[in-house]
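Spelled out from the first residue to the last, the chains are:
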Amino acid sequence: MQTTNHLLLVRPANFARASETVADNSFQEAVSDETYSAVAARAVEEFDNFADLLRRAGVTVHVIEDTPAPVKPDAVFPNNWFSTHEGGTLVTYPTFWPQRRQERRADIIDYISEQFAVQQHLDLSPWEDREWYLESTGCLLLDRKARIAYACLSQRCSLAAVHEWCELMGYQPITFHGYDARGEVIYHTNVMMAIGTRDVLVCLDAVRDPAEKSKLTESIALSGKRIIGLSLEQIDQFAGNALEAVTPDGPVWIMSSAAFHSLSEEQRDALLEPEGMRILHADLETIEQYGGGSARCMLAEIFLNKP
């Protein structure tokens, strides 16, 4: 399965407060002490509206409250520290920024294990001792049917870690380097790329190396998926940070309102071509501006069976 109906979100307690990640995330703006309280309150409001939108659309939403201490400014992005896979595997990951390692909460793993059938917990966090970093589905864009893992290399996504993960999980790695409109290294693959059951949203202009671009394009084509190309300006609006999910009323693409409005009418029509497909979008402006991530980053997929 490429998509799921079960999505886990973490409601932020200290959103963007003294976040380390602003150092290598060119999409993120630092929060001043003077504006922090207002920014944090707006982020919670955006989060609640987003979760409500998903519920009303028929998505099964699991909301976990962030803990006030220790302070975890990026906790609203749980898809960066764990992933789940059919067959009962839960994986936890090595993160580059030490501050983010505190997001790996045993109680969240316990919750998932109580609600779903976890057969194996693969803990890769000790890779941090080797300086191997791999921030889950932020770094790994998974074509689950074709068993291909696409990864944009950065200090948060180590080449050795990608290859080792693929060896462990039975995937083929396709790696490349990506750069945003400012020439900065793209910190996570899911900023520039999203994989659905039929379509792949991807900014090929971000891949400067012709051989890497050719390899990426060919792999997507051979998988049978259609490329919907994004511009560098569109990924600045988080158009690549989207996720396809399934509901009782059919499939949905989930993205922010900024992403939705950056798409052309032709691009929207292409995404809506499968019968019954809908696009859900919510205002996530504060989370995008001060968190440097958007809708997809907020969604951790659950591909586990019920016990």
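Up top you'll find the structure we're talking about.
Residues numbered from 1 in each chain as written. Predicted model: local features only at pLDDT ≥ 70, side-chain atom pairs only at ≥ 80, totals over all residues. Heavy atoms only, no water.

**Observations concerning the pattern of salt bridges**
No. 1: Applying the stated rule across the entire model yields 16 salt bridges.
No. 2: Between Arg198 and Glu273 there is a salt bridge; the shortest N-O distance is 2.8 Å. In this pair, Arg198 sits in the loop between β9 (193-195) and β10 (199-202) while Glu273 sits in the loop between α8 (265-271) and β14 (278-282), placing the two residues 75 residues apart along the sequence.
No. 3: Accessibility expressed as a relative area gives 38% for Arg198, which makes it partly exposed.
No. 4: Residue Glu273 is classed as partly exposed on the basis of its relative accessible area, which comes to 46%. (Salt bridge = Lys/Arg side-chain N within 4 Å of Asp/Glu carboxyl O. Helix = DSSP H or I, 4+ residues; strand = E, 2+ residues; numbered from the N terminus. Buried < 20%, exposed > 50% of the residue type's maximum accessible area, 1.4 Å probe, protein only.)

**A closer look at the side chain of Glu212**
No. 1: Turning to its location among the elements, Glu212 is positioned in helix α5 (residues 210-222).
No. 2: It turns out Glu212 is buried and unbridged, and the closest side chain with the opposite charge, Lys215, is 5.8 Å from it.
No. 3: Polar side-chain contacts of Glu212 include one of 2.9 Å to the side chain of His177.
No. 4: Those residues in contact with Glu212 that sit more than four places away from it in its chain are Phe176, His177 and Val207. (Lys, Arg positive; Asp, Glu negative; His and termini not counted. Polar contact = N/O pair within 3.5 Å; in protein donor to acceptor, adjacent residues only side chain to side chain. Contact = heavy atoms within 4.5 Å.)

**Brief notes about the pairing of strand β6 (residues 140-143)**
No. 1: Here β6 shows no split at all, with Leu140 and Leu142 on one side and Leu141 and Asp143 on the other all buried.
No. 2: As paired strands, β6 and strand β7 (residues 148-152) are joined by four bridges and run antiparallel to one another. Across the sheet, the residue bridging to Asp143 is Ile148, located in β7.
No. 3: Count of turn residues in the β6/β7 antiparallel hairpin: four residues, of which Arg147 carries a positive phi of about 60 degrees. (Pairing = 2+ DSSP bridges.)

**A look at the packing of aromatic side chains**
No. 1: Counted by the stated rule, this structure contains seven aromatic pairs.
No. 2: Between Phe27 and Tyr187, the ring centres sit 6.2 Å apart and the planes meet at 55 degrees, which makes this aromatic pair tilted. Pair noted here: Phe27 is in the loop between β1 (6-11) and α1 (36-57) and Tyr187 is in the loop between β8 (172-176) and β9, with a separation of 160 residues, a long-range link. For the pair Phe27 and Tyr187, one class covers both residues: buried.
No. 3: With a centroid separation of 5.6 Å and an interplanar angle of 50 degrees, the aromatic rings of Phe27 and Phe238 are classed as tilted. (Phe/Tyr/Trp six-rings, centres within 6.5 Å; stacked < 30°, edge-to-face > 60°.)

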